Amino acid sequence: MSGFDLFVEIQKRNAAYAAAINSGDLAAWVEMFTDDALYLAQPRENADRGLPLATIRCEGKGMLRDRVLAIQKTMVFTPRYTRHIISAPNVSYARIESEMVNTAPQVLSSSSNFVVFQTLHMQPTQILATGEYRDVWQRNGDGLLLKERRAVFDTELVPNSLIYPL
Amino acid sequence: MSGFDLFVEIQKRNAAYAAAINSGDLAAWVEMFTDDALYLAQPRENADRGLPLATIRCEGKGMLRDRVLAIQKTMVFTPRYTRHIISAPNVSYARIESEMVNTAPQVLSSSSNFVVFQTLHMQPTQILATGEYRDVWQRNGDGLLLKERRAVFDTELVPNSLIYPL
Amino acid sequence: MSGFDLFVEIQKRNAAYAAAINSGDLAAWVEMFTDDALYLAQPRENADRGLPLATIRCEGKGMLRDRVLAIQKTMVFTPRYTRHIISAPNVSYARIESEMVNTAPQVLSSSSNFVVFQTLHMQPTQILATGEYRDVWQRNGDGLLLKERRAVFDTELVPNSLIYPL
């Protein structure tokens with residue numbers, strides 16, 4: 001894929017990512033990650049200082065599935081709709097590794113801004129969180145999988161109400 | 001058009017759609033639809049249950065024009081600015097019908113997330129609604145027209161202040 | 001570049017623009033403009049009436065650098081995070097000048113919707129402003145520079161808290 005194709009492909013993946021969470025199809029959300037993926041939801045203050053503390057941390061697909069199971073089976077929370085708007089990715093600093101090594105997987109970095117809105121029953125829609133996805137994508141045949149997604153959010157006040165992944 | 005071209009073409013159409021409404025050029029908004037188009041603005045709760053009740057329902061271009069006329073001539077409301085942000089489309093489940101039949105029009109489905117902000121005179125900007133466009137596009141020469149747009153919004157509390165189309 | 005390429009290129013430039021401001025790399029922000037660029041942040045009411053009054057006005061790269069210096073050295077304000085979401089551009093009315101004249105620079109117009117969120121320490125994220133970028137881009141080798149960006153915002157109530165450029 002060329003640079004333009006990759007840019008568009010990341011947009012498509014992010015649209016599918018948003019649709020999976022917003023429609024409640026969390027199994028599809030899990031399938032967007034590599035087996036060894038890292039998913040974090042972390043306040044920006046921690047991320048920028050290099051502190052490890054995160055509101056959600058999943059290492060590997062097993063932990064992603066556990067999170068989904070918890071949301072669907074064990075967590076108690078008020079029903080809500082979420083709505084993601086994800087910007088076009090910033091790939092101007094994308095590094096494409098292993099370009100010379102045909103046998104190695106190709107990996108690239110990008111970042112995108114997001115806003116997630118939340119709507120509770122008979123309530124007005126509110127901002128749940130804004131922030132930045134800091135991503136590492138891995139080629140998988142013709143597509144891309146998330147090897148790493150750090151959902152770095154701007155406010156420290158979100159965690160209590162964080163049920164679904166950002 | 002290839003898959004990539006269609007993805008970009010839908011983004012362009014959505015940008016033009018937003019610009020038509022936000023600039024007040026509602027005649028241009030009407031021209032984005034097919035003659036037999038369906039336009040709905042509907043709360044998600046109704047849409048997901050298959051209930052027909054919608055806040056705005058226009059069947060065919062005539063009813064779209066009537067709606068525009070009502071906004072411009074007969075409805076009484078506080079002046080306001082609207083501002084749409086529309087995400088990249090989710091076309092991963094796009095079905096392209098009639099691919100084998102050269103004479104038939106080509107139709108495809110997509111969905112996009114939206115947020116519409118509203119600003120009244122000397123008021124801070126507020127969220128009017130978030131939601132999802134559930135669309136059916138029809139090829140029209142080199143371009144695309146909306147055969148169906150269901151603007152499914154997340155909160156039940158929006159209708160009273162819904163003047164312009166979402 | 002073809003029409004599709006330009007559309008994607010503008011999206012990329014806007015993603016880089018947002019990243020520069022949101023990450024605090026204001027030097028990179030300045031480098032997105034031509035030497036003689038005009039940057040305005042202006043309420044929509046003024047813009048639509050053709051009134052010149054603007055909340056921020058920078059004519060030329062020197063004034064952009066002065067603004068950055070003011071933010072970094074002399075302005076006193078509460079620390080805050082900003083977060084831009086910029087829509088796909090509306091280039092349906094793009095005019096490409098001087099197509100016949102190989103020696104002249106190529107210039108094109110577009111507009112994009114934006115929302116800028118703001119987060120103060122231990123505060124919930126809020127809408128700072130929504131609005132429209134009215135842009136003139138200039139070709140620069142393989143890339144695009146901003147010859148003019150009018151950040152036209154919808155509410156009159158934003159100016160007091162406008163520190164970073166929209």
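Residues numbered from 1 in each chain as written. Chains lettered and ligands numbered in written order. Predicted model: local features only at pLDDT ≥ 70, side-chain atom pairs only at ≥ 80, totals over all residues. Heavy atoms only, no water.

Caption draft 1: Seen up close, the environment of Ser87 of chain A. All names here are of chain A. Counting through the fold element by element, Ser87 comes out in the loop between strand 3 (80-86) and strand 4 (107-120). On the basis of relative accessibility, which here comes to 11%, the residue Ser87 falls in the buried class. As a C-alpha pair, Ser87 and Gly60 span 27 residues in sequence and 26 Å in three-dimensional space. Sequence-distant contacts of Ser87, that is, excluding residues within four places in its chain, are made with Ser112 and Asn113. (Helix = DSSP H or I, 4+ residues; strand = E, 2+ residues; numbered from the N terminus. Buried < 20%, exposed > 50% of the residue type's maximum accessible area, 1.4 Å probe, protein only. Contact = heavy atoms within 4.5 Å.)

Caption draft 2: Examining the sheet that holds strand 5 (residues 126-140) of chain C more closely. All names here are of chain C. Pairing is mixed in the open sheet, where six strands are placed in the order 2-1-6-5-4-3. A strand with exactly one partner marks an edge of an open sheet, and here the two such strands are strand 2 (56-59) and strand 3 (80-86). Across the sheet, the mean angle from the axis of one strand to that of its neighbour is 25 degrees, orientation sign disregarded. Of the pairings in the sheet, the one linking strand 1 (residues 33-43) to strand 2 comprises four bridges and is antiparallel in character. Bridge pairing in strand 2 places Ala41 opposite Ile56. Packing of helix 4 (residues 61-74) onto the sheet brings it into contact with strand 1 and strand 2, and relative to strand 2 it is tilted by some 135 degrees. (Pairing = 2+ DSSP bridges. Axes fitted to C-alpha atoms, helices over the stretch in contact; angles between N-to-C directions.)

Caption draft 3: Looking closely at the relation of the copies chain C and chain A. It takes a turn of 120 degrees to lay chain C on chain A, together with a shift of 0.0 Å along the axis; the resulting RMSD is 0.0 Å. Such values leave the two copies arranged in the relation of a three-fold axis. When C-alpha positions in chain C are compared against the rotation axis, the closest is assigned to Ser87 of chain C, at 4.2 Å. Little of the interface of chain C is mirrored in chain A, where only 20% of its interface residues again form contacts. (Least-squares fit on C-alpha atoms with pLDDT ≥ 70 in both.)

Caption draft 4: Geometry of the nonpolar core. Ranked by size, the top nonpolar core spans 123 residues in total, and within it Tyr39 and Leu166 of chain A, Tyr39 and Leu166 of chain B together with Tyr39 and Leu166 of chain C carry the most contacts. Leaving out residues up to four positions away in the same chain, Tyr39 of chain A has contacts with Tyr17, Trp29, Phe33, Ile56, Arg57, Cys58, Leu64, Arg149, Ala151, Pro165 and Leu166 of chain A. Grouped together as the second largest cluster of nonpolar side chains are nine residues, Val115 of chain A, Val115 and Phe117 of chain B together with Val115 of chain C included. (Core = buried A, V, L, I, M, F, W, Y, C linked by side-chain atoms within 4.5 Å.)

Caption draft 5: Layout of the interface of chain C and chain B. Taken residue by residue, the interface counts 24 residues in chain C and 25 residues in chain B. Counting each side, the surface lost to burial between chain C and chain B is near 2100 Å², with a carbon and sulfur contribution of 60%. Linking chain C to chain B there are one salt bridge. Note that Arg83 of chain B and Asp154 of chain C form a salt bridge whose closest N and O atoms lie 2.8 Å from each other. Taken together, the links from chain C to chain B amount to nine residue pairs in polar contact (both at pLDDT 80 or more). Sorting the residues of the side of chain C that touches chain B by element identifies helix 1 (3-22), helix 3 (44-49), strand 4 (107-120) and strand 5 of chain C as the ones contributing at least two each. (Buried area = accessible area lost by both parts, 1.4 Å probe. Salt bridge = Lys/Arg side-chain N within 4 Å of Asp/Glu carboxyl O. Polar contact = N/O pair within 3.5 Å; in protein donor to acceptor, adjacent residues only side chain to side chain.)

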